[in-house]
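Now for the letters of each chain:
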Amino acid sequence: MNVKNFIVGGIVGGIVDWLLGWLFYGIIFKDTFPGGDTMNMMMIVLGCFSVGFFISYIFIHWASISKLMTGMKAGAIIGIFMGLISGFFDNESVAEPDYKVLAIGVAISIVMCACVGGSIAVVNDKLK
């Protein structure tokens, strides 16, 4: 595994994830996903970088993805599953889940992971 690509890709992916999370959850859908006063910014940043490094690891270690469209497609597929997993677990103790909010969350996850995947693929291509 190319450690340099993994680290740089993970950092770039984490930054892209953080920026898109701020855009989607902090601005566009802030009424749908209210954060409140108890948000722990450190946990959010660590979560964003975890996504970046997770996708970077997959792209470098298992898939050798270094093309923008391939990275976006693979990222979108990862995003589907990540969105579904978090949506299902977020609703595990709710008597009547809000399926509209769950679907919006999955759609956001798809777009965010597609962009993260594309950015990591571009980094991999540039660092060859």
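S.K.: In this structure, what is going on with the packing of aromatic side chains? I would like to understand it.
M.R.: The way to describe two aromatic rings as a pair is by their centre distance and the angle between their planes. Enumeration according to the criterion identifies 5 aromatic pairs in this entry. Ring geometry for Y57 against W62: centres 5.4 Å apart, planes inclined by 80°, an arrangement best described as edge-to-face. Residue class for Y57 comes out partly exposed when judged on its relative accessible area of 29%. Ring pairs connect the aromatic residues F6, F53, Y57 and W62, which therefore count as one cluster.

S.K.: Would you explain the environment of L84 in this entry?
M.R.: By the secondary structure assignment, L84 is in helix α3 (residues 68-90). By relative accessible area, L84 is classed as partly exposed at 27%. Linking L84 and V12, residues 72 residues apart in sequence, is a C-alpha distance of 24 Å.

S.K.: Is there a simple way to explain the nonpolar core in this structure?
M.R.: Soluble globular proteins tend to pack their nonpolar side chains together in the buried interior. The biggest cluster of nonpolar side chains holds 11 residues, and these are V51, I55, I58, F59, I65, A74, I78, C113, V116, I120 and A121. Mapped onto this core, the elements with two or more residues apiece are α2 (41-63), α3 and α4 (99-126). Ignoring sequence-local partners within four residues, the contact set of I65 consists of F59, T70, G71, A74, A121 and N124.

S.K.: Explain unusual backbone geometry to me, please; I cannot follow it from the model alone.
M.R.: Negative phi characterises most residues that are not glycine, and trans characterises most peptide bonds. If you check the backbone angles, S64 has positive phi at about 50° while not being a glycine. Tracing the sequence through the fold places S64 in the loop between α2 and α3.

S.K.: Is there a simple way to think about the environment of S109 in this case?
M.R.: Secondary-structure assignment places S109 in helix α4. Looking at S109, the relative accessible area reads 12%, which means it is buried. Reaching out from S109, the side chain makes a polar contact with the backbone oxygen of G79 at a distance of 2.8 Å.

Procedures and definitions
Residues numbered from 1 in each chain as written. Predicted model: local features only at pLDDT ≥ 70, side-chain atom pairs only at ≥ 80, totals over all residues. Heavy atoms only, no water. Phe/Tyr/Trp six-rings, centres within 6.5 Å; stacked < 30°, edge-to-face > 60°. Buried < 20%, exposed > 50% of the residue type's maximum accessible area, 1.4 Å probe, protein only. Helix = DSSP H or I, 4+ residues; strand = E, 2+ residues; numbered from the N terminus. Core = buried A, V, L, I, M, F, W, Y, C linked by side-chain atoms within 4.5 Å. Contact = heavy atoms within 4.5 Å. Polar contact = N/O pair within 3.5 Å; in protein donor to acceptor, adjacent residues only side chain to side chain.

None of the figures reported here should be taken as evidence of function without further support.
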